[in-house]
Amino acid sequence: AGLIFGLSLSVASTVVLLRALEANGSLERQEGKIAVGWLIVEDLVMVLVLVSLPLIANIAQSSESLGLSALLGDLAITLGKVALFIALMLLPGRKVILWLLRQSEKSGSSELFTLAVLSISLGIAFGAAKLFDVSFALGACFAGVVLNVSGRSDKAAHDTLPFRDAFAVLFFVSVGMLFNPATLLEAPLAVLATLLVIVLGKSLAAYALVRLFGHSNHTALTISASLAQIGEFSFILLGLAISLQLLPAGIRDVVLAGAIFSILLNPLLFSALKRLPATEKAQTRI
């Protein structure tokens, strides 16, 4: 439970990070590229965690101790399903999706192309969940990968931009709707500790790592500020863990409180960062 709780606090929100970098004018600079790359690695790790979590739940709730061979066998089956899903999507699936997108483009209707992109994305996510026992979130993630390798990602991203903005708004609305204000009175120390881990713990670790690789102080501070919040994958991981009875349901309220306050503090961190004198970028050693 402690490990899952820690993992849920370790992954930053894509929506918050990108918007913060865009508002700060850092998205296309070196620090923005490092932060986005860091975020991609976090998401890939979360994908592996989401795949492994049902297996961990079976082991934790089993009354009999499982041998190493049985453990490795279950893990191999789980990863085999994911590998089969990825292979089907990237090989024959890519050709089918590319053909569908080309046909929709030939019609000359941008609305039809947008509808095709949304239908393909939701279809892949639903098929992954129903046919391969992969989580809906993981299926949606690979739907984006398939669209990217199809060569139509730029047009798809441009045409679906209004949907992205709408879903970003819905994300913040859903976080507010799920939040229980009574948590601040019932567990104030737990909320404070969670917030400190998100804002200070993650930021200090990120700062130390970026400086270790030879980047400037300003770059390290920008990346630290951009990662000092949590979001989508945190809630997905918590929801799956609670449904598998690996975490108590009440922990969701504590994490939600930490997420809300970290998102509220994030613009303030960037404002404080702008007041600091910019330092010269150090030569990177990687």
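Residues numbered from 1 in each chain as written. Predicted model: local features only at pLDDT ≥ 70, side-chain atom pairs only at ≥ 80, totals over all residues. Heavy atoms only, no water.

A.B. asks: Teacher, can you tell me more about the overall build of the protein here?
C.D. replies: Along the protein, the regular secondary structure elements total 14 helices and zero strands. Counting helices and strands in the order they occur from the N terminus, the protein gives α-α-α-α-α-α-α-α-α-α-α-α-α-α. When the 286 residues of the protein are sorted by exposure, 38% land in the buried category. Across the protein, the fraction of contacts at a sequence separation of at least 24, relative to all contacts at a separation of at least 6, is 79%. For the protein, the exposed area adds up to about 15400 Å²; of that, 70% sits on carbon and sulfur atoms. (Helix = DSSP H or I, 4+ residues; strand = E, 2+ residues; numbered from the N terminus. Buried < 20%, exposed > 50% of the residue type's maximum accessible area, 1.4 Å probe, protein only. Contact = heavy atoms within 4.5 Å. Areas by Shrake-Rupley, 256 points an atom, 1.4 Å probe, with all protein chains shown as cover.)

A.B. asks: Where do I start with the packing of helix α5 (residues 92-106) against helix α6 (residues 110-131) in this structure?
C.D. replies: For any two helices packed against each other, one specifies the crossing angle of their axes together with the interaxial distance. At their nearest, the axes of α5 and α6 sit 8 Å apart, and the two run at 160° to each other. Judged by the angle between their axes, α5 and α6 are roughly antiparallel. Relative to α6, α5 is oriented so that their crossing is right-handed. Of the residues in α6, those touching α5 at Ile97, Leu100, Leu101, Ser104 and Glu105 are Leu112, Phe113, Ala116, Val117, Ile120 and Ile124. In terms of residue class, the contact of α5 with α6 is made up of nine nonpolar, one polar and one charged. (Axes fitted to C-alpha atoms, helices over the stretch in contact; angles between N-to-C directions. Parallel < 35°, antiparallel > 145°, perpendicular 65-115°, else oblique. Left-handed = near helix turned anticlockwise from the far one by under 90°. Nonpolar A, V, L, I, M, F, W, Y, C, P; charged D, E, K, R; others polar.)

A.B. asks: Help me understand the environment of tryptophan 38, please; the structure alone is not making it clear to me.
C.D. replies: By the secondary structure assignment, tryptophan 38 is in helix α3 (residues 30-61). With a relative accessible area of 24%, tryptophan 38 lands in the partly exposed category. Taking C-alpha positions, tryptophan 38 is 9.1 Å from isoleucine 223, a pair spaced 185 residues apart along the chain. In contact with tryptophan 38, not counting residues within four places along its chain, are Ala206, Leu209, Val210, Ile223 and Leu227.

A.B. asks: Explain the nonpolar core to me, please; I cannot follow it from the model alone.
C.D. replies: Nonpolar side chains in soluble globular proteins tend to end up buried together. Ranked by size, the top nonpolar core spans 20 residues in total, and within it Ile4, Leu237 and Leu247 carry the most contacts. Looking at this core, the elements with two or more residues in it are α3, α13 (232-243) and α14 (251-275). Beyond its immediate stretch of four places on either side in the chain, leucine 247 contacts Ala1, Ile4, Leu238, Ala241 and Ile242. The next biggest cluster of nonpolar side chains, apart from the first, holds 17 residues, and it includes Ile97, Ile120, Ile124 and Ala128. (Core = buried A, V, L, I, M, F, W, Y, C linked by side-chain atoms within 4.5 Å.)

A.B. asks: Hey, could you run me through a nonpolar patch on the surface in this one?
C.D. replies: A cluster of nonpolar side chains, namely Leu189, Leu192, Leu196, Leu200 and Leu204, defines an oily patch on the protein surface of about 530 Å² accessible area. The exposure class assigned to leucine 196 is partly exposed, which follows from its relative accessible area of 42%. (Patch = residues over 30% accessible without salt bridge, like charges linked within 9 Å, V, L, I, M, F, W, Y side chains within 5 Å. Salt bridge = Lys/Arg side-chain N within 4 Å of Asp/Glu carboxyl O.)

A.B. asks: Would you explain α5 in this entry?
C.D. replies: Every α-helix winds through 3.6 residues per turn, so residues three or four apart in the chain are directed the same way. Its 15 residues place the ends of α5 21 Å apart at the C-alpha level, agreeing with the 21 Å of an ideal helix rising 1.5 Å per residue. Two residues or fewer after α5 comes glycine 108, characterised by a positive phi angle close to 80°. (Expected span 1.5 Å × (residues − 1).)

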